[in-house]
Amino acid sequence: MVKKPYYGWVVVSIVFLVLLVAAGISSIPSVLMLQFEDEFGWSRAAVSGALSMRIFLYGLMGPFSASLMARFGVRRMMLSSMALLITGLVLTPFMTQLWHFVVLWGVIMGLGSGALANVLGVTVANRWFVKHKGLVVGLLTASAATGQLLFLPLLARITVTLGWRYAIYTTIVVLLLLIPVVAIWMRNHPYDKGVAPLGEIEVVPPQPFTGNLFLMPLLVLGSAVKNSTFWLLAATFFLCGFSTNGLIGTHLIPACGDFNIPLVMAAGLLALMGMFDMVGTTLSGWLSDRFDSRWLLFWYYGLRGLSLIFLPYALNGGYTLLLVFSVFYGLDWIATVPPTVKITSDVFGKEKAGMVFGWIMVAHQIGASTAAYGAGIMREWMGSYSVPFVTAGFLCLFASLMAIRIVKSGKHARVIEAKA
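Keep in mind that this is a model prediction, so the values were computed, not measured. (Residues numbered from 1 in each chain as written. Predicted model: local features only at pLDDT ≥ 70, side-chain atom pairs only at ≥ 80, totals over all residues. Heavy atoms only, no water.)

Considered as a void within the structure, the largest pocket measures approximately 750 Å³ in volume. As for the largest pocket, its lining consists of 26 residues, of which Ala70, Arg127, Pro206, Gln207 and Glu351 are closest to the centre. Those elements that place two or more of their residues in the lining of the largest pocket are helix H3 (44-72), helix H6 (118-128) and helix H16 (350-382). Looking at the lining of the largest pocket, the element that brings in the most residues is H16, giving five residues. Here the residues of the lining of the largest pocket are counted per class, giving 11 nonpolar, eight polar and seven charged. (1 Å grid on protein atoms, 1.4 Å probe; cavity = no way out; pocket = protein on both sides within 12 Å on 5 of 7 lines; lining within 4 Å. Points joined across faces, edges and corners; volume = space filled by probe spheres on them. Helix = DSSP H or I, 4+ residues; strand = E, 2+ residues; numbered from the N terminus. Nonpolar A, V, L, I, M, F, W, Y, C, P; charged D, E, K, R; others polar.)

With that out of the way, let us pick up helix H14 (residues 319-330). For an α-helix the count is 3.6 residues per turn, leaving residues at separations of three or four pointing the same way. Under the 1.5 Å per step criterion, the end-to-end length of H14 is 16 Å for 12 residues, consistent within 8% with the ideal 16 Å. Within the span of H14, buried status applies to Leu322, Phe325, Ser326, Tyr329 and Gly330. Relative to the axis of H14, the buried residues are bounded by an arc of 110° and lie together on one face. Those residues of H14 hidden inside the fold are in contact with helix H10 (228-243), helix H11 (248-258), helix H12 (263-288) and helix H13 (293-317). (Expected span 1.5 Å × (residues − 1). Buried < 20%, exposed > 50% of the residue type's maximum accessible area, 1.4 Å probe, protein only. Arc of directions from axis to C-beta. Contact = heavy atoms within 4.5 Å.)

With that settled, consider the pattern of salt bridges. Any two side chains of opposite charge can pair if their charged atoms end up close together. This structure, assessed with the given rule, holds four salt bridges. Between arginine 165 and glutamate 39 there is a salt bridge, with its nearest N and O atoms 2.9 Å apart. Separated by 126 residues along the polypeptide, arginine 165 in helix H8 (residues 164-185) and glutamate 39 in helix H2 (residues 28-40) bring together distant segments of the chain. Note that aspartate 346 is salt-bridged to lysine 342, the shortest N-O span being 2.9 Å. (Salt bridge = Lys/Arg side-chain N within 4 Å of Asp/Glu carboxyl O.)

A residue-level look at the protein chain finds 95% of positions with pLDDT of 70 or above and a mean pLDDT of 83. Summarising per-element confidence for the protein chain, the mean pLDDT is lowest in helix H7 (residues 133-161) (78) and highest in helix H17 (residues 386-403) (93). (pLDDT = per-residue confidence, 0-100.)

This brings us to the nonpolar core. A general tendency of soluble globular proteins is for nonpolar side chains to be buried together. Counting residues in hydrophobic clusters, the biggest one holds 124 residues, and the most contacted among them are Met78 and Ile248. Looking at this core element by element, the count peaks at 11 residues for helix H1 (residues 8-26). Each residue touching methionine 78, except ones within four places of it in the same chain, is listed here: Ile14, Val15, Val18, Leu116, Leu120, Val182 and Met186. (Core = buried A, V, L, I, M, F, W, Y, C linked by side-chain atoms within 4.5 Å.)

Scanning all chains against the criterion turns up 19 aromatic pairs. With 6.1 Å between their ring centres and 70° between their planes, tyrosine 6 and tryptophan 128 make a pair best called edge-to-face. Of this pair, tyrosine 6 sits in the segment before H1 while tryptophan 128 sits in helix H6; the two residues are 122 residues apart in sequence, bridging distant segments of the chain. Here tyrosine 6 matches tryptophan 128 in class, with each residue buried. Between phenylalanine 40 and tryptophan 42, the ring centres sit 4.3 Å apart and the planes meet at 15°, which makes this aromatic pair stacked. Among the aromatic residues, ring-to-ring pairing joins Tyr6, Tyr7, Trp9, Trp128 and Phe129 into one connected group. The positively charged end of lysine 193 is found above the aromatic ring belonging to tyrosine 7, 4.4 Å away from the centroid. (Phe/Tyr/Trp six-rings, centres within 6.5 Å; stacked < 30°, edge-to-face > 60°. Lys NZ or Arg CZ within 6 Å of the ring centre and 35° of its normal.)

Another aspect to go through is a nonpolar patch on the surface. A cluster of nonpolar residues, Trp295, Trp299, Leu303, Leu306 and Phe328, forms a patch on the protein surface that exposes about 530 Å² of accessible area. Here the element with the most residues in the nonpolar patch is H13; it accounts for four residues. Structurally, the position occupied by tryptophan 299 is in helix H13. (Patch = residues over 30% accessible without salt bridge, like charges linked within 9 Å, V, L, I, M, F, W, Y side chains within 5 Å. Areas by Shrake-Rupley, 256 points an atom, 1.4 Å probe, with all protein chains shown as cover.)

To continue, consider the side chain of threonine 244. Topologically, threonine 244 is positioned in the loop between H10 and H11. Here cysteine 240 takes part through its backbone oxygen, which lies 2.7 Å from a polar atom of the side chain of threonine 244. If sequence neighbours within four positions are ignored, threonine 244 has contacts with Gly249, Arg304, Tyr329, Trp333 and His364. (Polar contact = N/O pair within 3.5 Å; in protein donor to acceptor, adjacent residues only side chain to side chain.)

Here we come to the packing of H10 against H16. Between H10 and H16, the shortest axis-to-axis distance is 6 Å and the interhelical angle comes to 35°. Where H10 crosses over H16, the two elements pack in a sense that is right-handed. Contacts between H10 and H16 involve Phe230, Leu233, Ala234, Phe237, Phe238, Cys240, Gly241 and Phe242 from the former and Val356, Phe357, Trp359, Ile360, Met361, Ala363, His364, Ile366, Gly367, Ala368, Thr370 and Ala371 from the latter. Among the residues forming the contact of H10 with H16, the class breakdown is 16 nonpolar, four polar and no charged. (Axes fitted to C-alpha atoms, helices over the stretch in contact; angles between N-to-C directions. Left-handed = near helix turned anticlockwise from the far one by under 90°.)

Attention shifts here to the side chain of serine 65. In this fold, serine 65 is placed in helix H3. Residue class for serine 65 comes out buried when judged on its relative accessible area of 0%. Apart from the residues within four sequence positions on either side, serine 65 is in contact with Gly114, Ala115 and Val119.

Right, let's get into the state of the cysteines. A full pass over the atoms with the stated rule returns zero disulfides. A disulfide-free cysteine, cysteine 240 has its sulfur positioned 7.6 Å from the sulfur of cysteine 396, the nearest such atom. (Disulfide = S-S within 2.5 Å.)

Given below as structure tokens:
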């Protein structure tokens, strides 16, 4: 009798594809920022302000989307979020005023993409896997990098040759093709297929969700804030967001434009980062199953800080130095997620890990939102991105020191019991 492949890998593949496309959608504004500046006369600070709102709502949705997934199921939440993203994308080509952009990309896209974020990957990994959980978290986190790898050069090329509206239309088509895949093959829990989580033997039904949908995440937060580990993880993740999607993800392409680097080539640099981050984050997941996550975070933040301090020199030094930066920084882009998830699960327990990590992601997105808006303002004031890049680098060095102050899980870690 031939043993069937574990269905959890099918679920991981579907979630990987959806997160990949969601990451591609999130990267669209960085490609189009200069086009909006030319066509509508919107300043980078104004566009950055709307994007900072999207980034913040993206994070704020995390703990509540974990609660909604527990109540209504992962598949239903994925389909609802994809429908919301399609709505925002369909309306985007018709916008003419800055407030249209704020509503569509600050609010609608922020809420829609927030449910298709790292919390989704953490929820799926915790439900379907005991064995290889860190690797699965790494793979699903790497989907964001893969989304950049696939979408950024494509969207940049379409924008240059056909116009930015056709880049939007392309993304809508991809989302529409994914909806039936999720509707037909996605499953909420191993029990739906009559199997146990990989690494366990007993098939058990999911625990029924109890309590209030919106109150439960707040109760979990109230318990988590009593633990110093939560604050250290939240603080380091604030600086993680500050130094990644808020700063580099939003402003690297405009920064390249300041040095007359063509749009397609600048998008290619981000895509190259995505390719190397796919390797780095997947490897980070594998490492987090085997080594102390605190020291992994120490090295990740420290090396990222050094690369950001180097970035202004790379921009002045030409394409070779930018390639060096892209490879070095790319390996470390979001490699911090798997060890952070591992510590969260160990300290706060599997059942509450999704919501707690959701709140940690809120800190991440507040940091990203701060950087997205702040770097745009500083570019307007100083005519350069050098100060934001170097400042982020030194903040990452500080984050590496905070990471090793986290109490080692398993010895003194305290599992949080949240009351319904």
